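# Tertiary structure, described
If you want the building blocks of each chain, they are given just below.
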Amino acid sequence: MEVIEPLTKPMTQFSLGLTGGIGSGKTTVANYFAQLGAGIIDTDAIAHALTAPNGLAITAIRASFGNDFISESGAMDRQKMRDQVFSSASQKQLLESILHPLIRQECEAAASALREHHPYLIFVIPLLVESGFWVESLDQILVVDCEQATQIQRVMARNGLPQEQVSRIIASQVPRSERLAVADDVINSDRDLSQVRLEVEKLHEKYINLALFR
Ligand code: ATP
């Protein structure tokens, strides 16, 4: 998962950051907003596409890190790169210096493409709080929140991971309290999906109004 730096300038359209810990329900909530008409920009998918086969970052990664870091498929070798940046801060910086400008560029391009078709935009940013900067480019922040036990149970069921591994991932993310501290609104995803959907509908009305008077 990529920690992303802010856009180069504030968005010209009402823009919301949607965040939450692993398995908290971000995608579920984003899908509900999309059904109501919000424009969704999935920053993780953008970051991933850059290092997929023929991704925009591949040429620069090959030039800076060498062929060894590009797999046969033409994608970045994620495991190898993970090990590399884990053991060296300068290598991590080098990778980020390639990826971050491209992520910003692709987010801005996605926002421009969606702008005319949606009343407001939602950037889904798993590591919004960890990045610390996104906050400046966004009008509001919506946090999807649930008990840690719920996160563990849902990710174990969805990904077939052992409990310890899910707990380790949760421990590597910011604590719940830090996420909640930056939230303008919170959706509690411990509740059943029909209640989550109702919360989304209420917030959609709010965001439509905020977008009108921005
Ligand atoms: P990740 O951080 O891993 O991308 P996420 O925050 O996008 O996850 P989702 O993929 O939306 O989370 O949800 C995780 C799992 O929990 C999914 O299988 C989803 O169907 C389920 N889920 C989400 N919200 C609820 C809910 N309120 N009730 C029951 N199941 C839910």
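As shown above, the structure is provided for reference.
The rules behind the values
- Residues numbered from 1 in each chain as written.
- Predicted model: local features only at pLDDT ≥ 70, side-chain atom pairs only at ≥ 80, totals over all residues.
- Heavy atoms only, no water.
- Phe/Tyr/Trp six-rings, centres within 6.5 Å; stacked < 30°, edge-to-face > 60°.
- Helix = DSSP H or I, 4+ residues; strand = E, 2+ residues; numbered from the N terminus.
- Buried < 20%, exposed > 50% of the residue type's maximum accessible area, 1.4 Å probe, protein only.
- Lys NZ or Arg CZ within 6 Å of the ring centre and 35° of its normal.
- Pairing = 2+ DSSP bridges.
- Axes fitted to C-alpha atoms, helices over the stretch in contact; angles between N-to-C directions.
- Contact = heavy atoms within 4.5 Å.
- Arc of directions from axis to C-beta.

This paragraph deals with the packing of aromatic side chains. With the rule as written, the count across this model stands at 5 aromatic pairs. Taking the centre distance of 6.0 Å and the plane angle of 35 degrees together, the rings of F33 and Y207 count as tilted. Of the two residues, F33 sits in helix α1 (residues 26-36) while Y207 sits in helix α10 (residues 193-212), which places them 174 residues apart along the sequence. The exposure classification of F33 matches that of Y207, with both residues buried. Ring plane angle 55 degrees and centroid distance 5.6 Å describe the contact between F65 and F69, whose orientation is recorded as tilted. Given a relative accessible area of 10%, F65 falls into the buried group. The exposure class assigned to F69 is buried, which follows from its relative accessible area of 9%. Three or more aromatic residues joined by ring pairs form one cluster here, namely F14, F33, Y120 and Y207. The ring centre of F69 lies 5.8 Å from the NZ or CZ of K80, which sits over that ring.

This paragraph deals with the sheet that holds strand β3 (residues 121-124). As summarised here, the arrangement of the 5 strands in space is β2-β3-β1-β4-β5, forming an open sheet in which the pairing is parallel. The open sheet has two free edges, formed respectively by β2 (39-42) and β5 (185-188), since each of these has just one partner strand. Each adjacent strand pair in this sheet contributes to an overall mean axis angle of 25 degrees, direction not counted. Across the face of the sheet, helix α2 (residues 43-50) comes into contact with β2 and β3 while running at roughly 45 degrees to β2. Across the sheet, helix α5 (residues 89-115) lies against β2 and β3, angled at about 165 degrees from β2, the strand it touches most.

The next thing to look at is unusual backbone geometry. One non-glycine residue with positive phi stands out, namely N54, at about 65 degrees. Looking at the secondary structure, you find N54 in the loop between α2 and α3 (58-65). The class for N54 is exposed, based on a relative accessible area of 78%.

Okay, α1 next. Taken as a whole, α1 has its buried residues at K26, V29, A30, Y32 and F33. Down the axis of α1, the smallest arc covering the buried residues is 155 degrees, so these residues share one side. Exposed side chains of α1 directed beyond 90 degrees from the buried face belong to T27 and Q35. One or two steps after α1, the chain reaches G37, where phi turns positive at roughly 120 degrees.

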